[in-house]
Amino acid sequence: MKLKIMTYNIQHGFDFVKKDRIDLAQIADIVRAEDPDAIVFNEVRGDGIAADYTDQTGEFMRLLGWDGYFGKALDVPGGGPYGNAVLSKHPVTAAVTAIPTPPLEPGKFIEPRCIIRAEFDFDGTKFALYGSHFGLTEKEQENAVETLCGLLDKETLPCCFMGDLNMEPQDGKLDPVRARLKDSADVFEYPMLSFPSDKPEIKIDYIFVSRDVKVLKAEILPIVASDHRPYTAEIEV
């Protein structure tokens, strides 16, 4: 079965060009145009104390007419829930695994992170999707990789793993992930970068797939809406 999957750090829908508003409709239009079977969003807000902390996953579900799941990673003080989301045209069954948060380090920004696992039945083909947004420090990234690999070692379904990992491709901390999964960027016809979206200088967004999944096509789209560019892959399960 052929599927299209997508990962996108949406920066809670903040308009990267106008820089004066949260525009979820703009993000929904991009998803609608690309028409993936499933997507992982990073940096998603939930309904909270602050007026601009709304149920963004629910709003995307309404705008797209899709099913969805919000995976909370933390509560922003004075704001509200923050984390990742999975959305799909198909019914979504999902759960969250917390990534251990290391001790605070002077001068370093550390926050709780999580990994979503969603399971789908695509017309009789079962498939697992993992999504996450890794931290900025080495210890956060090491904990995230260890947590992910622990989940992957128990996985029995064909699967993918997607998200903003805050690491460039040459980073050795990704080696345990590469030992278990294939990088869809291997099929790029030329190097593609994902951040910042207006003049990308680095690639920190990824779509990995299990060994039993074939990558037919992958690309990082030249779209400027969030501070990251969206990344899609067409796969065969």
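Here we summarise the structure given alongside this text. Given the structure is predicted, the values throughout are model-derived calculations rather than measurements.

Hydrogen bonds along the backbone pair up the strands of a sheet, which may run parallel or antiparallel. The six strands lie next to each other as 5-6-7-8-10-9, forming an open sheet whose pairing is mixed. With one partner strand each, in any of the chains shown, strand 5 (93-99) and strand 9 (181-183) form the two edges of the open sheet. The sheet shows a mean angle of 25° between the axes of neighbouring strands, direction not considered. Strand direction decides the pairing type here: strand 7 (residues 125-133) and strand 8 (residues 159-164), joined by six bridges, are parallel. Paired with H133 across the strands is D164, a residue of strand 8. The strands touched by helix 3 (residues 138-152) are strand 5, strand 6 (113-122), strand 7, strand 8 and strand 9; relative to strand 5, the strand with the most contacts, the crossing angle is about 140°.

Another point: the layout of surface pockets. Each pocket or cavity is described by its volume, and for the largest pocket that value is around 210 Å³. Every residue lining the largest pocket is counted, 16 residues in all, and those nearest its centre are E43, F109, E111, R113 and H133.

On to the pairing of strand 6, then. Side chains on a regular strand alternate between the two faces of the sheet. Most of strand 6 sits inside the fold, with seven of its 10 residues counted as buried. Summarising the sheet, strand 5 and strand 6 pair through seven bridges and their orientation is antiparallel. In the strand pairing of strand 6, A98 is matched with C114. Pairing analysis gives eight bridges linking strand 6 to strand 7, with the strands arranged antiparallel. Bridging across to strand 7, A118 finds its partner in L129. Following strand 6, the chain reverses through two residues before pairing antiparallel with strand 7; D123 in that reversal takes a positive phi of roughly 50°.

All right, on to helix 3 then. Between its terminal C-alpha atoms helix 3 stretches 21 Å, which fits the 21 Å expected from 15 residues at 1.5 Å a residue. Those residues of helix 3 that fall on the buried side of the exposure criterion are E140, Q141, N143, A144, V145, T147, L148, C149, L151 and L152.

Rules used throughout
Residues numbered from 1 in each chain as written. Predicted model: local features only at pLDDT ≥ 70, side-chain atom pairs only at ≥ 80, totals over all residues. Heavy atoms only, no water. Pairing = 2+ DSSP bridges. Helix = DSSP H or I, 4+ residues; strand = E, 2+ residues; numbered from the N terminus. Axes fitted to C-alpha atoms, helices over the stretch in contact; angles between N-to-C directions. Contact = heavy atoms within 4.5 Å. 1 Å grid on protein atoms, 1.4 Å probe; cavity = no way out; pocket = protein on both sides within 12 Å on 5 of 7 lines; lining within 4 Å. Points joined across faces, edges and corners; volume = space filled by probe spheres on them. Buried < 20%, exposed > 50% of the residue type's maximum accessible area, 1.4 Å probe, protein only. Expected span 1.5 Å × (residues − 1).

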